[in-house]
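Spelled out from the first residue to the last, the chains are:
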Amino acid sequence: MQTAITQKIGSIALVVEDYDAAIAFYTQKLRFELVEDTDLGDGKRWVLITPPRSNGTHLLLAKASNAEQKLAVGNQTGGRVFLFLHTNDFWRDYEFMQSQGISFTEEPRIEPYGTVVVFEDLYGTKWDLLQLNHS
């Protein structure tokens, strides 16, 4: 008997300029949790963060270490939204993020799938804050 396939995305690498600045931004301004911060030597660290009560997918903060990687900071998807932060209370989180000085690129909007707004992290990476409609 064959075992059923079980897979998940455990981590998504996010190229950043500085570990500590990124940790501070995500944990203070977005209320993410620092899961792990392990020194790997030679200036490298294994830094995992996650939204509160997440399903297990983490962001791996990866410090840019060469010119090509530095060009990708804030623009890993060519200007498109890169990450989608789902919430169970859009307005609570939107208002908190406003109070923290988060940069929004638009006003919140109601779409057929839910309530959404695009915001930028400290490096300009675009995110959706999204509360999906439940059918």
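Residues numbered from 1 in each chain as written. Predicted model: local features only at pLDDT ≥ 70, side-chain atom pairs only at ≥ 80, totals over all residues. Heavy atoms only, no water.

- The chain has the name VOC domain-containing protein in an unreviewed UniProt entry, where Shewanella sairae is given as its organism.

**What to know about the environment of Gly101**
- Counting through the fold element by element, Gly101 comes out in the loop between helix H3 (90–99) and strand E6 (103–104).
- Of the residues examined, Gly101 reaches a relative accessible area of 61% and is grouped as exposed.
- Distance from Gly101 to Lys29, taken between C-alpha atoms, is 8.0 Å for residues 72 residues apart in sequence. (Helix = DSSP H or I, 4+ residues; strand = E, 2+ residues; numbered from the N terminus. Buried < 20%, exposed > 50% of the residue type's maximum accessible area, 1.4 Å probe, protein only.)

**Describing the packing of aromatic side chains**
- Summed over the entire model, instances satisfying the criterion amount to 10 aromatic pairs.
- Seen in terms of ring centroids, Tyr26 and Phe32 are 5.6 Å apart; in terms of plane orientation they differ by 35°. Their pairing is tilted.
- Exposure remark for Tyr26: the relative accessible area of 0% places this residue in the buried category.
- Residue Phe32 is classed as buried on the basis of its relative accessible area of 6%.
- With a centroid separation of 4.8 Å and an interplanar angle of 85°, the aromatic rings of Phe90 and Trp91 are classed as edge-to-face.
- Within the aromatic cluster, the residues linked to one another by ring pairs are Phe25, Tyr26, Phe32, Phe90, Trp91, Tyr94, Phe104, Phe119 and Trp127.
- Just above the ring of Phe96 sits the side chain of Arg31; from NZ or CZ to the centre is 3.7 Å. (Phe/Tyr/Trp six-rings, centres within 6.5 Å; stacked < 30°, edge-to-face > 60°. Lys NZ or Arg CZ within 6 Å of the ring centre and 35° of its normal.)

**Re the pairing of strand E9 (residues 126–132)**
- Relative to E9, strand E5 (residues 83–86) runs parallel, the two sharing 4 bridges. Across the sheet, Leu85 pairs through a bridge with Leu129, a residue of E9.
- Relative to E9, strand E8 (residues 114–120) runs antiparallel, the two being bridged by 7 bridges. Counted as the bridge partner of Val116 is Leu130 from E9.
- Between the end of E8 and the start of E9, which pair antiparallel, lie 5 residues, with Gly124 showing a positive phi angle near 95°. (Pairing = 2+ DSSP bridges.)

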